[in-house]
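Geometric and topological summary
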Amino acid sequence: MQLRDNGLRFSPITVALHWVVAFSLLSILCLQGFIAHATDQAAQMEFARLQNLIGLVLFLVSIYRFWARITAYHPLPVGTPNPIEVIISRSVAVALALAMVLLPIAVWASRSTAGEATDLPWGFSIPALLPASQTLKQIVDVLFDIGASLFLVGLALHSFGAVKNHFLLKNDSLKRMLGKHVEL
Ligand code: HEM
């Protein structure tokens, strides 16, 4: 099995982890909605613990993913996009991968500085290693808000690029990310 990306194709690991990350992110957002609408406090806590667990998995997977992205070739683009578009789309992809490492750290730091541990299912928890401090929490929260906003802009651009390639340019860029073998 091809373990690393090369100039011709993404490795199956990259393809699988790309969608693990996308679906983990979607689950986290859905759970946020459930937490906001749950009337029962026990259910709310259960959803929050599950959300933290998915966040932890997302964080660990993203460390590997970011390292893999910056240490392997990005396959040649499908079709004939202009070089500026290629540079922008690749930079956005790397930034998205990095954001998935930094944003979970910011969530954990925000909870830690509020003096809270990050609870996981089955009685486990991620300890709050930072000192409880209102000032530090405010700084972390501002950084998180900036990072999350930039991340959403990047994700919108990234998704727009995928939709444009698939429906407008009708090339195999999205199918390649879904595992299709594409000859370049
Ligand atoms: C809305 C869902 C998504 C779609 C439709 C989508 C689509 C794609 C496509 C088509 C590519 C291949 C681009 C190429 O050929 O160079 C790609 C690559 C990539 N995407 Fe996404 N993507 C989505 C969500 C995400 C999310 C949530 C992240 C990270 C937070 C992400 C990060 C990346 C990265 C880092 C790459 C480069 C390949 C890699 O190292 O995994 N994508 N995406």
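Residues numbered from 1 in each chain as written. Predicted model: local features only at pLDDT ≥ 70, side-chain atom pairs only at ≥ 80, totals over all residues. Heavy atoms only, no water.

On to the UniProt feature "domain: Cytochrome b561 bacterial/Ni-hydrogenase" (unreviewed entry) in the protein chain, then. Under the UniProt annotation, the feature "domain: Cytochrome b561 bacterial/Ni-hydrogenase" (unreviewed entry) is placed at residues 9-179. The span residues 9-179 is 75% helix and 2% strand, and its two end C-alpha atoms sit 10 Å from each other. (UniProt positions renumbered as here; feature names shortened; annotations may be inferred. Helix = DSSP H or I, 4+ residues; strand = E, 2+ residues; numbered from the N terminus.)

Our next topic: the packing of aromatic side chains. If you walk through the whole model with that rule in mind, you get 2 aromatic pairs. Judged by centre distance (5.4 Å) and plane angle (40 degrees), the ring pair of F34 and F47 falls under tilted. Note that F34 is positioned in helix α1 (residues 12-37) and F47 in helix α2 (residues 41-71), a separation of 13 residues in sequence. A residue is classified by how much of its surface remains accessible, and F34, at 46% relative accessible area, is partly exposed. Since its relative accessible area comes to 27%, F47 is described here as partly exposed. (Phe/Tyr/Trp six-rings, centres within 6.5 Å; stacked < 30°, edge-to-face > 60°. Buried < 20%, exposed > 50% of the residue type's maximum accessible area, 1.4 Å probe, protein only.)

UniProt marks residues 16-38, 50-67, 87-109 and 142-163 with the feature "transmembrane region" (unreviewed entry), using the numbering shown here. Overall, residues 16-38 shows 96% helix and 0% strand. The separation of its end C-alpha atoms is 32 Å. Taken end to end, residues 50-67 is 100% helix and 0% strand, and its two terminal C-alpha atoms sit 26 Å from one another.

Turning our eyes to something else, we now look at the coordination of the iron atom of the ligand. Protein coordination of the iron atom of the ligand is provided by H18 (NE2) and H158 (NE2), with donor distances spanning 2.0 Å. Geometry at the iron atom of the ligand is octahedral, judged from its 6 donor atoms and the angles of 87 to 180 degrees they form at the metal. Of this pair, H18 sits in helix α1 while H158 sits in helix α4 (residues 134-168), and the two are 140 residues apart along the sequence. Judged by relative accessible area, H18 falls into the buried class, the value being 14%. (Donors = N, O, S within 2.8 Å, 3.2 Å for Na, K, Ca; no water. Tetrahedral: all angles 85-135°; square planar, octahedral: opposite > 155°, others 65-115°.)

Near the ligand there are 21 residues, and of these H18, R65, R69, H74 and H158 occur at the shortest range. Measuring from a nitrogen atom of the ligand, one finds a side-chain N or O atom of H18 at 2.8 Å. Within the residue set of the shell around the ligand, elements represented by two or more residues are α1, α2, α3 (83-113), α4 and α5 (173-177). Top contributing element to the shell around the ligand by residue count: α4, with 5 residues. Its residues assigned to classes, the shell around the ligand comprises 12 nonpolar, 6 polar and 3 charged. (Near = heavy atom within 4 Å. Polar contact = N/O pair within 3.5 Å; in protein donor to acceptor, adjacent residues only side chain to side chain. Nonpolar A, V, L, I, M, F, W, Y, C, P; charged D, E, K, R; others polar.)

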